[in-house]
Amino acid sequence: MSFDGFPPFISAQLHYLINHFPEKIKVTPPTHIPPSFFQIVHFNQRKYFGLELGDIIYNAEFPLAPPDIIFGPEDEDFHPLHMTGSVGEGDLKFGNILCDWNHKDPTRLLALIQELRDQYMAYQKKRVGEVDDDRLTFEISTICSREGIEMQISSGAEKPEEVKFAVPLMDMNINKMVHGCPWRHPQKIYLQVIYPVGKKYASTPSPPRLKLMSTTELGALFTIEDVKLPSWLDGMCMAEYLPHLEESLQKQVVESVSLIDIRRRFIESLTPLLGRPLEADPVFCRKATFLASSGSFVFLVHFLISTQFPKQQPAVMLQSSQHISPQGIPKKSPLLSEYPWSPRWEASQMAERILRVSLPSF
Amino acid sequence: MRMSSSRPKEGNRGKMKMEGVEGDASAGGAVRYTLNPTRISSEDILFCVDVDAESLLEMKTAGVTRLDSIKQAILVFVNSKLSINPDHRFAFATLSKSASWLRKEFSSDVESTIAAVRALSATTVSSSQADLTNLFRLAAHEAKKSRAQNRILRVILIYCRSSIRPHHQWSVNQKLFTLDVMYLHDKPGPDNCPQAVYDALVDALEHVSEYEGYIHESGHGLPRTLFRFMSMLLCHPQQRCPQDDCDIPKPLVKKAAEPANGEDNVHASISR
């Protein structure tokens with residue numbers, strides 16, 4: 001990402017932040033620069049399971065000074081410089097980062113954002129703890145000891161008050177399970193649980209809304225959307241629900257790791273027919289491209305292999321290595337993903353069948 | 001993984017292939033292919049195009065110069081490479097007496113590739129020499145930047161002269177980037193020395209290349225041969241086999257004998 005037009009020390013801080021922040025962070029370049037000399041850097045922090053922090057603003061008149069931070073209207077009560085109680089230490093740290101601001105130090109912005117986020121989480125946790133709802137109080141008491149759990153209360157003029165939890169699942173080091181793992185940060189799976197805030201116990205409390213979420217890069221290994229959540233039975237609580245879910249997820253993650261080598265063997269099985277691939281994904285084995293010929297016609301054969309392989313057949317696309325439109329658009333076949341398939345075929349049989357199906361239609 | 005710097009000169013590299021032989025994949029290495037779980041990096045690819053007057057010689061297709069075909073081939077290559085992995089990037093330089101930048105910034109944007117390719121134009125006077133030293137210096141400098149971004153740098157040199165042997169001065173310990181070569185030349189005759197030029201290009205490649213570099217040559221002027229060889233250069237350097245063992249593209253369907261007039265399948269126009 002280039003930050004043209006920013007002073008170099010601000011660019012350095014932004015680069016450092018993007019490269020070192022433990023989750024994916026998005027920096028949107030300024031969409032407007034009002035005449036009053038402000039250079040605005042919008043930090044759309046990845047919706048941290050519902051937590052979206054505000055805008056970070058560098059003042060073009062005083063670029064050496066620390067940035068200002070603007071929070072959304074819901075967070076009027078968030079005063080990181082004045083937090084009391086159990087976060088006394090953190091409050092000091094946040095203030096220190098701002099007081100000791102050194103514009104030449106590229107790590108400062110990251111430290112600021114991390115501290116800000118920690119403060120914000122603590123603030124939200126405190127707010128949630130103050131909610132007058134017996135069920136919620138009970139739920140919090142059973143799971144608040146889980147490391148890494150986050151919570152947030154959200155309310156608005158038109159919607160009822162809700163409490164959102166992001167519960168980290170499985171104490172698994174998934175990164176270690178993948179040979180040649182390219183992930184810089186640990187990949188995690190979370191369960192988002194959303195409770196409406198009620199004043200007293202209803203006779204049958206409604207089940208919370210549940211959604212599985214994961215860190216982005218995990219998608220190369222495991223498709224979170226394919227997971228079927230166990231049902232939430234009447235009268236259940238999180239302490240009962242989570243162990244079942246975790247056990248099931250653990251099995252699925254282990255299976256997804258074993259599927260990597262199934263995909264690897266499939267790519268390897270294509271080589272007697274198609275030769276060595278031009279390029280193949282060596283870690284997750286999700287794609288491979290080969291070069292083939294038919295007479296004097298030379299073309300690429302792209303294979304896209306889903307995490308559901310071999311249950312789901314690979315998608316195939318052919319691309320000419322000789323034809324290009326005047327606009328510079330290459331000639332490609334449509335992506336072929338529906339064709340007769342059986343996961344029980346041998347790998348070499350799969351290869352032959354795919355080519356038989358894809359070649360005439362090109 | 002670095003390949004050893006001493007490679008046998010027999011096989012495809014030692015002498016030029018018989019011309020006109022196509023669609024006939026050699027048996028290739030008998031070793032079974034394995035896809036090892038070793039990370040590969042996205043590439044920064046620097047095209048260096050020879051813009052000497054010889055690049056304006058016509059291909060067998062009337063009205064199409066070598067440079068026209070090269071431009072076309074680069075566009076096809078870039079599109080193919082991006083469809084394999086949209087994270088690969090490209091930059092451009094030209095070679096006359098020495099190398100100089102045409103477009104210095106590496107980018108994966110197809111529009112800017114089209115613009116750079118359009119800007120390629122030949123010199124009117126033939127250079128008496130071809131010094132690759134500056135090219136290697138530029139590449140080494142860029143390679144350090146690429147490495148800092150977890151990328152690898154590759155130079156694809158497209159050379160067009162039939163009698164000018166390129167030369168270079170380079171420390172043998174510096175193998176910071178991969179070098180591939182595509183050599184277009186006239187048919188060998190008493191007034192030229194494409195074999196000697198080819199040998200010099202092989203020397204350069206083996207001298208500087210970090211990973212296994214590939215070199216292809218063609219003297220019969222068919223654009224489709226150029227495209228075929230360029231598509232073989234799509235191979236990712238970190239997943240290559242020795243060139244002598246290369247067995248792609250594999251013929252999938254056996255066809256009847258090709259028409260003899262060397263028609264090609266190029267369908268596009270390039271503005272000169």
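Cut-off values and rules
- Sequence order as written defines the numbering, with residues in each chain counted from 1.
- Labels are handed out in written order, letters beginning with A for the chains and numbers beginning with 1 for the ligands.
- Local features are withheld for residues below a pLDDT of 70 in this predicted model, meaning they are given only at 70 or higher, and side-chain atom pairs are given and counted only at 80 or more; totals for whole chains, interfaces and linings count all residues.
- Excluding hydrogens and water, the side-chain figures rest on all heavy atoms present in the structure.
- By the criteria applied, helices consist of DSSP H or I runs no shorter than four residues and strands consist of E runs no shorter than two, each listed in order from the N terminus.
- The cut-offs for exposure are 20% and 50% of the maximum accessible area for each residue type, with area from a 1.4 Å probe on protein chains only; residues under the lower value are buried, those over the upper are exposed, and the others partly exposed.
- Contact between two residues is taken to exist if any of their heavy atoms lie within 4.5 Å; hydrogens are not considered.
- Buried area adds together the accessible area that both of two parts lose upon being put together, with accessible area traced by a 1.4 Å probe.
- Take a side-chain nitrogen of Lys or Arg and a carboxyl oxygen of Asp or Glu: if they are within 4 Å of each other, that pair is a salt bridge.
- By the criterion applied in these results, polar contacts are pairs of N or O atoms within 3.5 Å in which, for protein atoms, one can donate a hydrogen and the other can accept it, and in which residues neighboring in sequence qualify only through two side-chain atoms.
- We call Asp, Glu, Lys and Arg charged. Ala, Val, Leu, Ile, Met, Phe, Trp, Tyr, Cys and Pro are nonpolar, and the rest, Gly among them, are polar.
- Every residue is assigned a pLDDT by the predictor, reflecting its confidence on a scale from 0 to 100.
- When two rings of Phe, Tyr or Trp (its six-membered ring) have centres within 6.5 Å they constitute a pair, described as stacked for plane angles under 30 degrees, edge-to-face for angles over 60, and tilted for the intermediate range.
- Only lysine NZ and arginine CZ atoms are considered, and such an atom sits over a ring when it is within 6 Å of the ring centre and within 35 degrees of the ring normal.
- Working definition of a nonpolar core: buried Ala, Val, Leu, Ile, Met, Phe, Trp, Tyr and Cys residues. They are joined through side-chain atoms within 4.5 Å.
- Each domain's extent is set by a domain assignment, obtained either automatically or from a database.
- Following DSSP output, two strands are said to pair if at least two bridges run between them.
- To obtain each axis, a line is fitted to C-alpha atoms, and for helices this fit is confined to the stretch in contact; angles are then taken between N-to-C directions over 0 to 180 degrees.

**With respect to the overall build of chain B**
So, point 1. Each helix and strand counted, chain B has five helices and seven strands in total.
So, point 2. Going from the N terminus to the C terminus, chain B shows its helices and strands as β-α-β-β-α-α-β-β-α-β-α-β.
So, point 3. A total of 272 residues make up chain B; the buried ones form 53% of that total.
So, point 4. In chain B, of all internal contacts separated by at least 6 residues, the share reaching a separation of at least 24 is 80%.

**Some points on the interface of chain B and chain A**
So, point 1. On the chain A side, the residues contacting the 48 residues of chain B number 47 residues.
So, point 2. Interface area for chain B against chain A, summed over the two sides, is near 4,000 Å², with a carbon-plus-sulfur share of 59%.
So, point 3. Three residues stand out in chain B for area buried against chain A, namely Tyr33(B), Leu35(B) and Leu252(B), and they jointly supply 19% of the buried area on that side.
So, point 4. At the junction of chain B and chain A, the tally comes to two salt bridges.
So, point 5. Put simply, chain B and chain A have 14 residue pairs in polar contact (both at pLDDT 80 or more) between them.
So, point 6. With eight residues, helix H1 (residues 66-84) of chain B is the largest single contributor of residues to the side of chain B that touches chain A.
So, point 7. Taken together, the residues of the side of chain B that touches chain A break down into 21 nonpolar, 16 polar and eleven charged.

**Quick look at the confidence of the model for chain A**
All names here are of chain A.
So, point 1. Averaged over all residues, the pLDDT of chain A equals 79, while 78% of them reach at least 70.
So, point 2. When mean pLDDT is taken per element in chain A, strand E9 (residues 279-280) scores highest with 98 and strand E2 (residues 38-44) scores lowest with 46.
So, point 3. Below a pLDDT of 50 lies the segment residues 42-51, which in the model reaches 50 contacts outside its immediate sequence neighbourhood of four places, other chains included.
So, point 4. Segment residues 84-88 is flagged for pLDDT under 50; beyond a separation of four residues in sequence, or across chains, it makes two contacts in the model.

**Observations concerning the environment of Gln13(A)**
All names here are of chain A.
So, point 1. For glutamine 13, the position within the fold is in helix H1 (residues 8-20).
So, point 2. Sequence-wise, glutamine 13 and glutamine 114 are 101 residues apart; in three dimensions their C-alpha atoms are separated by 13 Å.
So, point 3. Reaching out from glutamine 13, the side chain makes a polar contact with the backbone oxygen of aspartate 105 at a distance of 3.5 Å.

**Re the packing of aromatic side chains**
So, point 1. Enumeration over the complete set of coordinates arrives at 16 aromatic pairs over all chains.
So, point 2. Relative to Tyr241(A), the ring of Trp232(A) lies with its centre 5.0 Å away and its plane at 40 degrees, an arrangement referred to as tilted.
So, point 3. For Trp232(A), a relative accessible area of 14% gives the class buried.
So, point 4. Using a relative accessible area of 1% as the deciding quantity, one classes Tyr241(A) as buried.
So, point 5. By way of ring pairs, the aromatic residues Phe266(A), Phe290(A), Phe303(A), Phe309(A), Tyr339(A), Trp341(A) and Trp345(A) are connected into one cluster.
So, point 6. The cationic tip of Arg240(B) hangs over the ring face of Tyr214(B); the distance from NZ or CZ to the ring centre is 4.3 Å.

**A short note on the nonpolar core**
So, point 1. Phe165(A), Ile189(A) and Leu221(A) are the most contacted members of the largest nonpolar core, which totals 66 residues.
So, point 2. In terms of residue count, helix H6 (residues 238-269) of chain A provides more of this core than any other element does, ten residues in total.
So, point 3. When residues of this core are assigned to domains, at least three fall in each of domain 2 (131-261) and domain 3 (270-361) of chain A.
So, point 4. Once residues lying within four places of it in the same chain are set aside, the contact partners of Phe165(A) are Leu136(A), Ile140(A), Ile143(A), Ile149(A), Glu150(A), Met151(A), Leu191(A), Gln192(A), Val193(A), Tyr195(A) and Met238(A).
So, point 5. By size, the runner-up hydrophobic cluster in this structure holds 42 residues, among which are Val298(A), Val49(B), Phe90(B) and Leu234(B).

**With respect to the sheet that holds strand E6 (residues 215-218) of chain B**
Residue and element names in this part refer to chain B.
So, point 1. With mixed pairing, six strands are arranged side by side in an open sheet as E3-E2-E1-E4-E5-E6. Strand pairing shows two members of the sheet lacking a second neighbour, strand E3 (99-107) and E6, which therefore form its edges. This sheet shows a mean twist of 15 degrees between the axes of neighbouring strands, independent of strand direction.
So, point 2. Bridging between strand E1 (residues 42-50) and strand E4 (residues 151-159) involves eight bridges; their strand directions are parallel. Bridge pairing links leucine 46 to valine 155 in E4.
So, point 3. Here helix H5 (residues 223-232) sits on the sheet in contact with E1, E4, strand E5 (178-184) and E6, set at roughly 180 degrees to E6.

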